[in-house]
Every structure is written in C-alpha cells, then in structure tokens.
Amino acid sequence: MLFDTHVHLNAAQFSEDRDETIQRAFDAGVKYMVVVGFDRETIPPALEIAEQYETIYAAVGWHPVDAVDMTDEDLAWIEELSAHPKVVAIGEMGLDYHWDKSPKEVQKDVFRKQIQLAKKVNMPIIIHNREATEDIIEILQEENAKEIGGIMHCYNDSVDYVQACLDMNFHISLGGPVTFKNATMPKEVAVEVPSERLLVETDAPFLAPHPNRGKRNEPSYVKLVAEKIAELRDVPFDELSRITTENAFSLFKIGKNT
C-alpha cells in the first residue's frame, strides 16, 4: 500500500480521464493521495476530489510563483478551508527563484504569512523550493516552523541541507527524479534520509519517473519511485511502502482505516 503525498489531480491534464487515473492508482496499490491546491483555480477542485473519494485528501495554500496575486481575502479563505475535514496540510508554499513573475520580497512575505497561518491552525506545511534553499531554511527557522513541521516536497537539493530540514521537524519527499539515470543528488538523498522521515510522491502530472519520463505523470507511477528508493536503500519494496505510508499517516494525522 502506497501514499502519494503530492499530486495535482485537479490539473487540466486530467480533465478527460480523472476517475480512470484514480482507479489505475488504486489498482496499483496507491490507496492514499493528497491533492494539492495552490491558487484560486486549483483549490476548489482539490476539495471536490477529496470529498468524492474516501482515501484522497487535500492541501490548500498559495504557490510562490503566484505570490503577487494573493490578497488578504485569499489568506482568510485558506484559513477558513483549513477546517474542512479532508484538508490535511497548508501548501504548497515556499520560494521559486526560477520564474520572475513574483518579486522575491513578495514571495517571502506570502511564505511567512502562510507559515504563521499554519501555526495558528496547527497543520503541517508543504514546501515548494526552486533555487531558493538557503532562503527557505532561514525563513522556516525564523518563523519557528519546527512547531508544525511538514514536507520538503520533491526535494531537489544536495544531502548537505537534509539535516537542517530534519532538525526543523520536516519530512523529505522524493518523486520521479530519483529514477532518472543521471540524477545523482536525489539518489544520494534517498539513501541518507532516516526511514521515519521519508515520503514518496509523484507531483503528477509533472516529473514522470523513468521509463515514462517526458510523458504525463500520474499517481500510479509513485510505485516506480518507491521501487527505486527501495533498491537504493537495499530494503524490500513492501517495507519501504509500509514505512512511507505510515509516515504520511502520522504527519497528516489520519488513520489507516479511514
């Protein structure tokens, strides 16, 4: 049994075959998923999907690329939605220095506001990081995000930063890149992360694992991610699946029998 901790089933890429995609995941042993909504357009369908399926949950937050668009009303909306019974995390949030739509200072302000909100409602946070690791760690430390912890989503940096994340009560989640032939960093991270802090994800429809790289990703493919990590750690696949699923249950405060 597997738990895809980060998937965008609310994306337009699944508009034609969402239910079939979800069924393929269930058939592959991926029973649990968290659908992530990150702006005005993607949050409502994330909640609708979570309401429709018993073992699918939602996260609500604001993506750093669109930080410039977030209003005080949006922040209040996210706080209101945090009380929804199927919402298990706030995010994805963070910093993205690759795209230049939102100025860095605006991103940082929106990031801090969401951390503060998550602490207020006592929920873990999901971190989006692109080319901004040191600033993200600094803000998480300054805002004492250790109180709530969360996930370093699709961790894409070196092992040098892993301990700082662990010290702040964060889990490390790995996705498709760990299966890429020349991707050495995620493979090193996959070996180093303590088992009790390891999670798996797809980030579907993005970052499809080998041998589907370049195609539309989907939650059933998280099995390929888990198989590769099990191989790298030299542990049985069933054990890796059990550990990562139990880690997700614990972090999101949900039960197996849900």
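Above this text is the structure in question.
A. Broad picture of the pattern of salt bridges. Tallying each qualifying case throughout the model produces 16 salt bridges. The partner of R112 in a salt bridge is E142, and the shortest N-O contact between them spans 2.5 Å. Placement of R112 in helix α4 (residues 104–121) and of E142 in helix α5 (residues 133–142) is noted, with a sequence separation of 30 residues between them. On the basis of relative accessibility, which here comes to 47%, the residue E142 falls in the partly exposed class.

B. Summary view of the side chain of H6. In this fold, H6 is placed in strand β1 (residues 2–7). The buried category is assigned to H6, whose relative accessible area is 1%. Non-local contacts of H6, meaning those with residues more than four positions away in its chain, are made with V34, V36, E92, I126, H153, E201, T202, D203 and A204.

C. Structural detail: the sheet that holds strand β3 (residues 56–60). Ordered in space as β1-β2-β3-β4-β5-β6-β7-β8, the 8 strands form an open sheet in which the pairing is parallel. The open sheet has two free edges, formed respectively by β1 and β8 (198–200), since each of these has just one partner strand. Taken over all neighbouring pairs, the strand axes of this sheet differ in orientation by 30° on average, direction set aside. Strand direction decides the pairing type here: strand β4 (residues 87–96) and strand β5 (residues 125–130), joined by 5 bridges, are parallel. When the bridges of β5 are listed, D96 appears paired with R130. Sitting on the sheet, α4 touches β4 and β5, and the angle it makes with β4 is about 160°.

D. Quick peek at the packing of helix α2 (residues 43–52) against helix α3 (residues 72–81). Contact geometry of α2 with α3 gives a least axis separation of 12 Å together with a crossing angle of 10°. By the criterion of interaxial angle, the relationship of α2 to α3 is roughly parallel. Along the contact surface, α2 presents I43, P44 and L47, while α3 presents W77, I78 and L81. Looking at the contact of α2 with α3, its residues break down into 6 nonpolar, no polar and no charged.

E. Representation of the environment of H128 in the model. By secondary structure assignment, the location of H128 is in strand β5. The buried category is assigned to H128, whose relative accessible area is 12%. A sequence separation of 24 residues divides H128 from M152, and the C-alpha atoms of the two residues are 7.0 Å apart. Polar side-chain contacts of H128 include one of 3.4 Å to the side chain of H63.

F. Looking closely at the packing of aromatic side chains. Under the defined criterion, the tally for this structure stands at 5 aromatic pairs. Summarising the aromatic geometry, the rings of F3 and Y32 are spaced 5.5 Å apart at their centres and angled 20° between planes, so their arrangement reads as stacked. Placement of the pair is F3 in strand β1 and Y32 in strand β2 (residues 30–37), with a sequence separation of 29 residues. Given a relative accessible area of 1%, F3 falls into the buried group.

The rules behind these values
Each chain carries its own residue numbering, running from 1 in the direction its sequence is written. The model is predicted, so local features are restricted to residues of pLDDT at least 70 and side-chain atom pairs to those at 80 or more, both for listing and for counting; the totals for chains, interfaces and linings are taken over all residues. Note: side-chain values were computed over all heavy atoms of the structure, leaving out hydrogens and water. The working definition used for a salt bridge is a side-chain nitrogen of Lys or Arg within 4 Å of a carboxyl oxygen of Asp or Glu. A helix here means a DSSP run of H or I that spans at least four residues, while a strand means a run of E at least two residues long, and both kinds are numbered starting from the N terminus. With a 1.4 Å probe rolled over the protein chains alone, any residue whose accessible area is under 20% of its type maximum counts as buried; one over 50% counts as exposed, and the rest are partly exposed. Residues are treated as being in contact if the distance between any of their heavy atoms lies within 4.5 Å. Two strands make a pair as long as DSSP finds a minimum of two bridges between them. For helices, the fitted axis covers only the stretch in contact; all axes are lines through C-alpha atoms, and the angles between them, taken along N-to-C directions, range from 0 to 180 degrees. Each angle is binned into one of four classes, with values under 35 degrees roughly parallel, values over 145 roughly antiparallel, values of 65 to 115 roughly perpendicular, and all other values oblique. Any residue outside Ala, Val, Leu, Ile, Met, Phe, Trp, Tyr, Cys, Pro, Asp, Glu, Lys and Arg is labelled polar, Gly included; the first ten of those are nonpolar and the last four are charged. N or O atoms closer than or at 3.5 Å make up a polar contact, with two conditions inside protein: a donor-capable atom paired with an acceptor-capable one, and, for residues adjacent in sequence, both atoms drawn from side chains. For this analysis, a ring pair means two rings from Phe, Tyr or Trp (six-membered ring only for Trp) whose centres lie within 6.5 Å, classed as stacked if their planes differ by under 30 degrees, edge-to-face if by over 60, and tilted for the remaining angles.

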